[in-house]
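Observations on the model geometry
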Amino acid sequence: MTDIPTTGAAGPAPLPAASSAASAAASSATSSAATASRDCPVCGTANQADSTFCEACGADLVVAARASNGAQPPVDVSDGTVLASATPQTAPAGEESPLDVGWTGAVPSAAVVPVADDLTCHACGEGHIVDGYCDHCGTPPPNPRDHLVESPTAWVGGVCDIGRRHARNEDAMSLSAGEPAGSRAVLVVCDGVSMATDSHIASLAAATAARAVLDQPFPKGVGTPDAWAAGAGRALTSAVTRANEAVAASVVEDVPNPPSCTFAAAVVEDDVIVAGNVGDSRVYWLPDDTAEPARQLGRDDSFAQEQMAAGVPRLAAETGPHAHSITRWLGKDAPDDLTPHLTTLTATPGWLMVCSDGLWNYCSEAEALRTLLTDAAARLDDATPTTVAQALVDFANEQGGRDNITVALARLAGRGSSTTTTEATAAAAPVEGDPTDG
Amino acid sequence: MADFTAEVFQNEFLPDGGTDVHAIVRVTSTGASAGASAGASAGLADPGSAAEVILIDTSGSMGRRGVQAAGEAAKAALAEIVDGTLFSIVSGNGTAQIVYPYSHQGALVPMSAHTRGEANRAIEGLRANGGTAMGTWLTLARQIFETVPHVTKRHAILLTDGVNEGETPQSLQAAVRSCVGAFQCDCRGVGDQWRVDEVRGIASALLGTVDLIPAPEEMAAEFEAMMRASMSRGVANSELRVWVPQGAELLFVKQVSPTLEDLTSRRTVVNPLTGAYPTGAWSDESRDYHVAVRLPARTLGQEQLAARVQFSLGGDPVAQALVKAKWSNDDSLTTRIDPAVAAYTGQAELATVIQEGLAAKAAGQDDVATSKLGRAVQLADQTGNEEMTSRLRKVVEIDDADTGTVRLKKGASKIDEMSLDTASTKTSRVRR
């Protein structure tokens, strides 16, 4: 849960967070008059006729439309394979959906495509999804947005989950990575502000737009670490600008509470990390070597952070009445200065994490988080970034799951190979640029 | 071509453990008026596309003046029938006879200046005589319509002035049942000697209206209006289809506007989860339906489709509304009753207590009548239904509308009671 205070930190209490259910009209009117809209077969939301993906849940409407043109999805009778999903296609240049922007060849998201091309009801297994509901038991299909898993490579993965208390997942995550491990990865997490309208659309648009910027390799400049850091910082700032434009563009008309979201991103390029954030989504660096401190890269733009700066202990500040009020955010009503809190760091063996407050609400201290992650990884037979992220999401849900939870991880071996740990550790006392706040 | 739209008004939020979902579905037609079709604009109905039968009470009780007025009313109706429409005039007493067309012409003839003139002359020959057996009239009407099986739009007007004493209630009911689906029938009672519940039973089963004509002189205007309304209906063969999920129970389906009509028992099975309810012919108009579904409760946060309500023409769905259910622990969402659902629920209760109150009064149970009509006064007052309050005022003395304290009015006229009864099922449209 993330709120925007109505005034400065010392002002009156923020408005109560509007639950998504409250903003939904208690009475709804559905007209069957022919309209130029494309209804999402997964969640039922009416989208514009030329939409290629659902603005509410992200389902691929092109595949769904193809599947529903006939009465049944095209099915290969020999083995029941749905053919429609076998040939994902990008839109022509200039007509890409936000999901297509920054297309890098493979579909890194395992979650965007699937449900839409299988219209059999998941709940009863007997009916089919028509107008967003099963024609046998009436159950809507699970919203793919409620639980997203991405594993672009073996060393990068993430889980974005609705949690247990919210009616809608307003977190969004966008990841990409290349081989070999440590060469290049982009991890973006955006958390929709729950008291604003349609922030789930805003956060997805922001994360997708930011990743499109960050997928471009950074300029090498003169080849010095400082030159790289400067270029990387400019790229992150540019990503924030693009994400902010995408959020603003996600609403057509003026609404009283325009959609808004936070921003946290980390880019790995040849084992050097650059991180930046606006709002209270976080980037953590959690090195394996306990001699090296685990730490949050950057800092929150939040009332709690301001209190901590004024000397209030972390626990008190983060559980106080205004703890989730953020002081900067992306959106139409965003503050003028959106320069992200930037940090650069040369990786040693360890975990790079980008997460929303749905996780850190239950484990804020970097050292505690490192312990939590290490213990969770140790319990797994197959500890990959994705399975560890899932374990941390499970942890947050077990603690109550009061908010949407997103955990994105990159497993880094650090400069040099893992066989030269000693040397690497010695050499790699983090070469760290000072946080370069704007 | 007619366009139909369907809208749903409901509060989809249910509390923890909540099971019952109520929704008002509004079906609106545009371009359904017969006047909008090319044939009618040229002044000619497609020959054989519609058939009209006028059933006139010629029992002895009508008397010379009554039959003469009924004849004038029939002529006024004939004047409204579009040329080309098949028609027939039936006189009814203890039995039923076709007055026009003449026997050698068959049971129905197309309307023209010539046949209208012949029919008007035939009506002059009507005389009052004999008893009342409406079942025989309806049966003859059905047999007349059966001679033209290709005609989809079939409508009759039934006029009576008395109690159906010429046959048993069972035989009337059997005759009505045999006519269900064969034609639609609007019924009118003239004077105060007929029984509202008896005639309402016929009109309701045959998808028509029922009303009171206080004096014979007012018949002509009423017949003209009824026939004009029938002529304007360009869409027949329509039905409401209601799907509910496996495991759900459809509690009721009611038409709630323009008149109250419980459709629940008229269900025909489309498939195990879907039932169809006939809705008769449509003009350019809007009708509201109240659908109530009982679902097995789901856990908080879950959502499901509670009902899919479709309007279909000739078996093809042309409009659809989705009724949803979402379980929530937010009281501000779940305790709210949709205004349309509340208003029509109130109007349905109002109609019920008026009818029960009048029936109790007729049966001499004055205390029951007082309590029921008192509740009616209270409901009418609460909903600002001034028309019903003024009708009730003619039957009861209102001491306190707020608490529903009333006294039965001494010497209330039979006509006033009957007009309250017939008006009870007319609802005022809930505006959005």
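A quick note: this is a predicted structure, and the numbers were derived from the prediction, not measured.

1. Some thoughts on the overall build of chain A
- Tallying secondary structure elements over chain A gives 10 helices and 19 strands in all.
- With 438 residues in all, chain A has 52% of them scored as buried.
- Contacts in chain A between residues at least 24 apart in sequence constitute 66% of all its contacts with a sequence separation of at least 6.

2. Regarding the pattern of salt bridges
- With the rule as written, the count across this model stands at 36 salt bridges over all chains.
- Across the salt bridge formed by Asp211(B) and Lys426(B), the nearest N and O atoms sit 2.8 Å from each other. Taken as a pair, Asp211(B) in strand 10 (residues 210-213) and Lys426(B) in the segment after helix 12 (414-423) lie far apart in primary sequence, 215 residues in all.
- Residue classification places Asp211(B) among the buried positions, given a relative accessible area of 17%.
- Here Lys426(B) falls in the partly exposed class, since its relative accessible area comes to 36%.
- Via salt bridges that share partners, Arg282(A), Asp300(A), Arg314(A), Glu318(A) and Glu365(A) belong to a single interconnected network.

3. Description of helix 5 (residues 169-179) of chain B
Residue and element names in this part refer to chain B.
- All buried positions along helix 5 are accounted for by Leu-172, Ala-175, Val-176 and Cys-179. Down the axis of helix 5, the buried side of the element spans an arc of 100 degrees, and every buried residue falls inside it. Exposed and oriented more than 90 degrees from the buried face of helix 5 are Gln-170 and Arg-177.
- Taken together, the buried residues of helix 5 touch helix 4 (134-146) and helix 6 (196-205).
- Once helix 5 ends, the next one or two residues include Gly-181, with phi positive near 85 degrees.

4. Here's the deal with the packing of helix 2 (residues 63-80) of chain B against helix 3 (residues 113-124) of chain B
Residue and element names in this part refer to chain B.
- At a minimum axis separation of 10 Å, helix 2 and helix 3 run at an interaxial angle of 170 degrees. Comparing their axes, helix 3 and helix 2 come out roughly antiparallel. Contacts between helix 2 and helix 3 pair Gly-71, Ala-74, Lys-75, Leu-78 and Ala-79 from the former with Arg-116, Ala-119, Asn-120, Ile-123 and Glu-124 from the latter.
- Grouping the amino acids of the contact of helix 2 with helix 3 by side-chain chemistry returns five nonpolar, two polar and three charged.

5. Considering the packing of aromatic side chains
All names here are of chain B.
- Evaluation of the coordinates by the stated rule reveals seven aromatic pairs over all chains.
- A ring pair is formed by Trp-282 and Phe-311, whose centres lie 4.9 Å apart and whose planes are at 70 degrees; its orientation type is edge-to-face. Remark: Phe-311 occurs in strand 17 (residues 303-313) and Trp-282 occurs in strand 15 (residues 274-282); sequence separation between them is 29 residues.
- Classification of Trp-282 as buried rests on a relative accessible area of 0%.
- With a relative accessible area of 1%, Phe-311 lands in the buried category.
- Among the aromatic residues, ring-to-ring pairing joins Phe-4, Trp-282 and Phe-311 into one connected group.
- The ring of Phe-252 has Lys-254 sitting right over it, with the charged end atom 4.2 Å from the ring centre.
- In this structure, Arg-287 is placed above the aromatic ring of Trp-282, and the distance from its NZ or CZ to the ring centre is 4.0 Å.

6. Structural notes on the sheet that holds strand 16 (residues 286-294) of chain B
Residue and element names in this part refer to chain B.
- Strand order in this open sheet of five strands is 1-3-16-12-13, and the pairing throughout is antiparallel. The open sheet has two free edges, formed respectively by strand 1 (3-10) and strand 13 (261-262), since each of these has just one partner strand.
- The pairing of strand 1 with strand 3 (residues 20-30) spans eight bridges and is classified as antiparallel. Residue pairing for strand 3: Phe-9 is matched across the bridge by Ile-24.

7. What about the pairing of strand 11 (residues 235-243) of chain B?
Residues and elements named next belong to chain B.
- With eight of nine residues buried, strand 11 lies mostly within the body of the structure.
- Taken together, the seven bridges between strand 11 and strand 15 define a ladder with antiparallel strand orientation. Paired with Glu-239 across the strands is Pro-278, a residue of strand 15.
- In this sheet, strand 17 lies alongside strand 11 in antiparallel orientation, the contact comprising six bridges. Paired with Leu-240 across the strands is Phe-311, a residue of strand 17.

8. Some points on the environment of Val8(B)
- Structurally, Val8(B) is set in strand 1.
- Once the C-alpha coordinates of Val8(B) and Ile24(B) are considered, the two residues, 16 residues apart in sequence, prove to be 5.7 Å apart.

9. Things to note about the confidence of the model for chain B
- Overall, the predicted model of chain B reaches an average pLDDT of 91, with 96% of residues at or above 70.
- In the predicted complex, the global pTM is 0.67; the interface-specific ipTM is 0.77.

10. Some points on the side chain of Thr427(B)
Residues and elements named next belong to chain B.
- Its place among the elements puts Thr-427 in the segment after helix 12.
- For Thr-427, a relative accessible area of 13% puts it in the buried group.
- The contacts of Thr-427, once residues within four sequence positions are left out, are Val-256, Ser-257, Pro-258, Thr-259, Leu-260, Tyr-344 and Gln-347.

11. So, the pairing of strand 18 (residues 316-327) of chain B
Residue and element names in this part refer to chain B.
- In this sheet, strand 18 lies alongside strand 2 (residues 13-14) in parallel orientation, the contact comprising two bridges. Looking at strand 18, one finds that Leu-14 is bridged to Trp-327.
- In this sheet, strand 18 lies alongside strand 17 in antiparallel orientation, the contact comprising 10 bridges. Residue pairing for strand 18: Gln-304 is matched across the bridge by Ala-325.
- Hairpin connection of strand 17 to strand 18: two residues between the antiparallel strands, including Gly-314 at a positive phi of 55 degrees.

12. Things to note about the sheet that holds strand 12 (residues 263-269) of chain A
All names here are of chain A.
- Read across the sheet, five strands follow the order 9-10-12-13-17 without closing on themselves; strand pairing throughout is antiparallel. Two strands close off the open sheet at either side, each with one partner strand: strand 9 (171-178) and strand 17 (341-346). When the angles between neighbouring strand axes are averaged without regard to direction, this sheet yields 10 degrees.
- In terms of strand pairing, strand 12 meets strand 13 (residues 272-278) through seven bridges, oriented antiparallel. Within strand 13, the position partnered with Ala-266 by the bridge is Ala-275.
- Contacts between helix 3 (residues 199-214) and the sheet are confined to strand 9, strand 10 (184-191) and strand 12, with strand 10 contributing the most and set at about 160 degrees to the helix.

Calculation rules
Residues numbered from 1 in each chain as written. Chains lettered and ligands numbered in written order. Predicted model: local features only at pLDDT ≥ 70, side-chain atom pairs only at ≥ 80, totals over all residues. Heavy atoms only, no water. Helix = DSSP H or I, 4+ residues; strand = E, 2+ residues; numbered from the N terminus. Buried < 20%, exposed > 50% of the residue type's maximum accessible area, 1.4 Å probe, protein only. Contact = heavy atoms within 4.5 Å. Salt bridge = Lys/Arg side-chain N within 4 Å of Asp/Glu carboxyl O. Arc of directions from axis to C-beta. Axes fitted to C-alpha atoms, helices over the stretch in contact; angles between N-to-C directions. Parallel < 35°, antiparallel > 145°, perpendicular 65-115°, else oblique. Nonpolar A, V, L, I, M, F, W, Y, C, P; charged D, E, K, R; others polar. Phe/Tyr/Trp six-rings, centres within 6.5 Å; stacked < 30°, edge-to-face > 60°. Lys NZ or Arg CZ within 6 Å of the ring centre and 35° of its normal. Pairing = 2+ DSSP bridges. pLDDT = per-residue confidence, 0-100.

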